[in-house]
Amino acid sequence: DAGVIQSPRHEVTEMGQEVTLRCKPISGHNSLFWYRQTMMRGLELLIYFNNNVPIDDSGMPEDRFSAKMPNASFSTLKIQPSEPRDSAVYFCASSLRDRLAAEQYFGPGTRLTVT
Amino acid sequence: AQKVTQAQTEISVVEKEDVTLDCVYETRDTTYYLFWYKQPPSGELVFLIRRNSFDEQNEISGRYSWNFQKSTSSFNFTITASQVVDSAVYFCALSEAAGGGNKLTFGTGTQLKVEL
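Let me begin by describing the structure that accompanies this report. Treat the numbers as computed from the prediction; the structure is a model and nothing was measured. Counting starts from 1 at the beginning of each chain's written sequence and moves along it residue by residue. Written order decides the labels, with chains lettered from A and ligands numbered from 1. The model is predicted, so local features are restricted to residues of pLDDT at least 70 and side-chain atom pairs to those at 80 or more, both for listing and for counting; the totals for chains, interfaces and linings are taken over all residues. Side-chain metrics in this entry use all non-hydrogen atoms of the structure; hydrogen atoms and water are not considered.

Considering the side chain of B:Q2
Residue and element names in this part refer to chain B. Defined as follows: Under the scheme used here, helices are H or I runs from DSSP no shorter than 4 residues and strands are E runs no shorter than 2 residues, and both carry numbers assigned from the N terminus. Nitrogen and oxygen atoms within 3.5 Å of one another constitute a polar contact, given that in protein one can donate a hydrogen and the other can accept it, and given that sequence-neighbouring residues count only through two side-chain atoms. Contacts were defined at the residue level, with two residues in contact if any of their heavy atoms lie within 4.5 Å.
Assignment of secondary structure puts Q2 in the segment before β1 (3-5). Engagement of the side chain of Q2 in a polar contact is seen with the side chain of T105, the distance being 2.7 Å. If we ignore the near neighbours within four places in the chain, the residues touching Q2 are E26, L94, S95, E96, K103 and T105.

Considerations on the sheet that holds strand β7 (residues 65-71) of chain A
All names here are of chain A. Which entries qualify depends on this criterion: Paired strands are those between which DSSP finds at least two bridges. In this description, a line fitted to the C-alpha atoms serves as the axis of each element, helices being fitted only across the stretch in contact, and the angle between N-to-C directions of two axes falls anywhere from 0 to 180 degrees.
Read from one edge to the other, the open sheet built from 4 strands follows the order β1-β3-β8-β7, with strand pairing classed as antiparallel. The sheet is open, and its two edges are formed by β1 (5-7) and β7, each paired on a single side. Ignoring strand direction, the axes of neighbouring strands in this sheet form an average angle of 15°.

Let's talk about the interface of chain B and chain A
Which entries qualify depends on this criterion: Accessible surface is computed with a 1.4 Å probe, and the buried area is the amount of it that two parts give up when combined, taken over both parts together. Any Lys or Arg side-chain nitrogen located within 4 Å of an Asp or Glu carboxyl oxygen qualifies as a salt bridge. Nonpolar residues are Ala, Val, Leu, Ile, Met, Phe, Trp, Tyr, Cys and Pro. Charged residues are Asp, Glu, Lys and Arg, and all others, Gly as well, are polar.
Chain B puts 19 residues into the contact, and the matching count from chain A is 22 residues. Note on chain B versus chain A: buried area summed over both sides is about 1700 Å², and carbon and sulfur give 56% of it. Interface area lost by chain B to chain A is led by B:L45, B:N102 and B:K103, which between them contribute 34%. For the interface between chain B and chain A, the tally reads 1 salt bridge. Joining chain B to chain A, the criterion identifies 3 residue pairs in polar contact (both at pLDDT 80 or more). Breaking the side of chain B that touches chain A down by element, the ones donating at least two residues are β5 (32-39), β6 (46-52) and β10 (88-96) of chain B. With 4 residues, the top contributor of residues to the side of chain B that touches chain A is β5(B). Taken together, the residues that form the side of chain B that touches chain A break down as 9 nonpolar, 7 polar and 3 charged.

Focus: the side chain of A:Q104
Formally: Classification of residues uses two cut-offs on accessible area relative to the type maximum, computed with a 1.4 Å probe and protein chains only: under 20% is buried, over 50% is exposed, and between them is partly exposed.
Locating A:Q104 in the fold gives a position in the loop between β9 (88-95) and β10 (105-106). The class for A:Q104 is buried, based on a relative accessible area of 0%. Setting aside residues up to four positions removed in sequence, A:Q104 forms contacts with A:F33, A:Y35, A:A93, A:S94, A:S95, B:Y37, B:F47, B:N102 and B:L104.

A word on the nonpolar core
So the rule is basically this: Only buried residues count toward a nonpolar core, which is a set of Ala, Val, Leu, Ile, Met, Phe, Trp, Tyr and Cys residues joined through side-chain atoms within 4.5 Å.
Core analysis: the largest hydrophobic core is formed by 23 residues, its most contacted members being B:W36, B:F77, B:Y90 and B:L112. At the level of secondary structure, the elements contributing two or more residues to this core comprise β2 (10-14), β3 (19-21), β5, β8 (64-69), β9 (74-79), β10 and β12 (110-115) of chain B. Setting aside residues up to four positions removed in sequence, B:L112 forms contacts with B:I11, B:V13, B:V19, B:I79, B:D86, B:S87, B:A88 and B:Y90. In terms of nonpolar packing, the next biggest core, distinct from the first, is built from 21 residues, A:W34, A:F65, A:L77 and A:Y90 among them.

A closer look at the state of the cysteines
Residues and elements named next belong to chain A. So the rule is basically this: Two cysteine sulfur atoms form a disulfide, by the criterion used here, when they sit within 2.5 Å.
Under the counting rule described, the total for this entry stands at 2 disulfides over all chains. C23 shares a disulfide with C92; S-S distance 1.8 Å. Taking the sign of the torsion about the S-S bond as the criterion, the disulfide between C23 and C92, at about -70°, is left-handed. With a gap of 69 residues between them, C23 in strand β3 (residues 19-24) and C92 in strand β9 connect regions that are remote in the sequence.

Just distances and angles here, no functional claims.
As structure tokens, this is what we get:
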């Protein structure tokens, strides 16, 4: 079975540009999570969805960040405008929420560099 | 608020040595879940184990074993006869049942280096 798929794997962009990261969760999973990993802050949960509905976006750093999940098999994380401090690895994860705290399966990540 | 502490930033061992990675957590919930993830140099996060707060039995999976002790709020991970392929960053994580139990709080990770 395919795992969580993320694209692109690497993104280099200039400050001020819009960046869109994409995620396809594991088929049948109904919870989706976006994380950011940096050396300074470690792994941070940005937002998560249950059944395509955003449940908690308290980790989204500011209004420049937005996330959508138009259907069960696709989600996007958008940064507009991007800034150098947004440089990080962004992970998408999914889980099957048939029980409390089901394990999350992570995608390979998108390494974002904003110059 | 929940918190996970992995005090060991980096551990270096020689192949075939046993190594224990420490994890201490804080939570006000009586129902919670603990996880370990592995992040090899390739970067992806690999799920290793999930344990709920009502199950204090230790678990063994091959060379891996986990020791859960509620009395000390610890969930330690031991690798027996370590191998070079075990070199990775290992993360401990906590999820509380309150709020749906979806949010994972990660520790800062322990970098394990296994050398020949």
